[in-house]
Every structure is written in structure tokens, then in C-alpha cells.
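# Summary of the model geometry
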Amino acid sequence: MKRREKNLTINNETKLFAILGYPIKHSFSPLMQNAWFKKENLNCAYMSFETEPKKLKKTIEAVKVLGFCGINITIPHKTSIMKFLDHTDKASKFIGSVNTIVIKNGRLCGYNTDHLGFSADLISKNVKIKEKTVFIFGAGGAARAVIYSAKSGGAKKIYLANRTYKTAAKLAKEFKIEAIRADDIPEKIAKSDLIINASACGMKKTDTLPFKINILKEDAVIYDLIYNKPTPFMKAAKEHKIKFYTGEGMLINQGACGFKIWTGIYPDVKSAIKLLNKFMR
Ligand code: NAP
């Protein structure tokens, strides 16, 4: 990747990147990725394009024609994008979604960095997953990435619960893990080392914690993928002095993993966390 001349902004050599989603206005990615390009002195620019589902195919053709080098994909296109790609990596196939694309010589190669970002954040926080018992809430796209990460990280046992049990049962079968019915949550969660909220529980004010916090092991760790509001998981963990992390580290590290795929450089995660906190204020 060519370095940018000092004080130069965009020119004919600028490499283009973007994120496609619908809606997209709330996305932190342009701020974060452009800050990293600047910090690494790379002649690159990152934009966001609001892309209605029915316009996804045309938008992908357009970014290809315009010579974009890389694209991030967010809600609701992470799965539907896959049919337009020339290649997807092993993890994307398992997880069933792509959030990072490299465009080279007219070919589109898709990756999933959600699981990489989650794993990288656990490592940075020294939260061990190898040989541990992990309890995951949720059975949507984020849960799939987290299950993949827990499996590839060598978890001893993975339990999965979801608001709709049927969806958890289907996903558990696919990933060869154990689906847990609401009545059985207490018994299994009491044995768990790492409890992960990969569901949208907590996005609504009326949401409640799906278990009693006092049954957790004293040294259990809770990780809530939600990073932009105080959730029941966060509040209960604070009250009962349980170690707790939000998903901000996952969000930043998934972006950092994409940046590394595009540029070969793992960018400064700490500065991005500061930027995210400012952005959310
Ligand atoms: P998704 O595919 O739409 O799945 C949503 C999941 O949450 C489903 O399992 C759904 O259960 C469950 N759910 C929805 N509302 C609920 C509620 N009120 N109470 C309990 N469960 C509820 O979404 P996703 O992409 O997996 O995202 C899940 C969460 O993770 C979101 O809050 C998202 O913001 C967060 N996330 C964070 C990061 C990060 O980098 N930190 C990355 C991805 C996602 P049903 O099957 O019953 O509908």
C-alpha cells in the first residue's frame, strides 16, 4: 500500500474503501478506518453508502467498476452478499456471513472478521476460552461468529440458549454444541466460566436478565456484545462484582482485522477505543 504524501488529502492515487449497509448513518467504521489510514500515513479513503437490499447487486457492480479496493458489509447484507462473491474463506462459510471484502483484479474475496475481532478482544483482555465452559445467549448472526470463535479457541463445552428455543436447537445441531431450554439455564450457567450475550437482549428497556446473577461462579466472566447501552448483563455484573466486558473491543478489533487484511498492518486499537467513546457521547 502506497504511503500518502505529507499533508496531501485525496488525489488520483487514493485507494478507495467503503461500508455498505441499510441503514448506515450510525456506523462508526468511516471514522475509525479513516483515522487508521491517517495514522499509518496511507493514501486511502473510506466512505459509507446506504444500500437498500434491492440495490445491493448494482452497488457491488458499481464499486467494482469504480476500482474500490475493499468493502465492509453490515446489516442487513452480511449473508445476502455471499452470492455475489468469487471466493469466501472457511470461517465465512461456517458462520454464513461476510463483513469484509477484498477487491483485486475484478475478483471479490469475502472474509468474516467478527469471530477474529471477538477472539482478538478476549486475548487482549486475557480472558481464556481454551478448556473453558462457555454459555452463549442468542442464535443470530453474532452468535454464529461467537460460537465459531469459541470452538476454534478450544472451549471444553459450549451451551447455547435463545429467546426462541427452536432456533437455538437448530444452530446447536449445526455447530455440534448443546442447546439449553429456559428451565435448564440455571444448572448449566452455574458451571460456566464465560457467559456471552450475543443476543439483542438489552437493546430494549424492558429486557431482563435471563438468569439469576447470584448463581454464577465467583470467577465467571460476562461478555456482552452490546456496547452502546447499559444492559441487564452489565448492570447485574456491576452490582455483583462479576468481571464484565462490553462488545466495544470486538467492534474495534473486527475493524482492525479488516484493516490488516487490506493493508497488512494491524492498526492502533487503543486510539480507536478513545474515538468510539467520543463518538458515542
Ligand atoms: P440477529 O441476527 O438479528 O439476532 C438477534 C438475536 O437476538 C436472536 O437470537 C434473537 O432471538 C435475539 N433477541 C432479539 N431480541 C431479543 C430480546 N428482546 N430478548 C432476548 N433475545 C432477543 O442479530 P445479531 O447480528 O446476531 O446481533 C445480536 C446483538 O449483537 C445485537 O445487539 C448487535 O448489536 C450485537 N453485535 C455486536 C457486535 C460487536 O462487534 N460488538 C457485532 C455483531 C452484533 P429470536 O431468535 O428469539 O428472535
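Residues numbered from 1 in each chain as written. Predicted model: local features only at pLDDT ≥ 70, side-chain atom pairs only at ≥ 80, totals over all residues. Heavy atoms only, no water.

### Regarding the packing of aromatic side chains
Counted under the stated rule, the structure contains 15 aromatic pairs. Each ring, one from phenylalanine 28 and one from phenylalanine 279, has its centre 5.2 Å from the other, and the planes form 45°; the classification is tilted. Taken together, the residues span a long stretch of sequence, with phenylalanine 28 in the loop between strand E1 (15–21) and helix H1 (29–39) and phenylalanine 279 in helix H10 (residues 269–280) at a distance of 251 residues. With a relative accessible area of 36%, phenylalanine 279 lands in the partly exposed category. With a centroid separation of 6.0 Å and 45° between ring planes, the pair formed by phenylalanine 135 and tyrosine 159 is classed as tilted. Linking phenylalanine 135 in strand E7 (residues 133–137) with tyrosine 159 in strand E8 (residues 157–161), this pair joins segments that are 24 residues apart in sequence. With respect to class, phenylalanine 135 is no different from tyrosine 159; both count as buried. (Phe/Tyr/Trp six-rings, centres within 6.5 Å; stacked < 30°, edge-to-face > 60°. Helix = DSSP H or I, 4+ residues; strand = E, 2+ residues; numbered from the N terminus. Buried < 20%, exposed > 50% of the residue type's maximum accessible area, 1.4 Å probe, protein only.)

### Focus on the domain arrangement of the chain
Taken domain by domain, the chain holds domain 1 (15–112 + 250–280) and domain 2 (116–246). Using only C-alpha atoms to locate each centre, domain 1 and domain 2 end up separated by 26 Å. Across the boundary between the two partners, domain 1 contributes 14 residues, which contact 15 residues of domain 2. Buried surface at the junction of domain 1 and domain 2, summed over both partners, amounts to about 1,200 Å²; 71% is from carbon and sulfur atoms. Three residues, Phe94, Ile95 and Met250, lead the burial of domain 1 against domain 2; their summed loss comes to 49% of the area buried on that side. The tally of links from domain 1 across to domain 2 stands at 3 residue pairs in polar contact (both at pLDDT 80 or more). The element best represented in the side of domain 1 that touches domain 2 is helix H9 (residues 248–263), accounting for 5 residues. Of the residues in the side of domain 1 that touches domain 2, the class split is 9 nonpolar, 4 polar and 1 charged. (Domains from an automatic or database assignment. Contact = heavy atoms within 4.5 Å. Buried area = accessible area lost by both parts, 1.4 Å probe. Polar contact = N/O pair within 3.5 Å; in protein donor to acceptor, adjacent residues only side chain to side chain. Nonpolar A, V, L, I, M, F, W, Y, C, P; charged D, E, K, R; others polar.)

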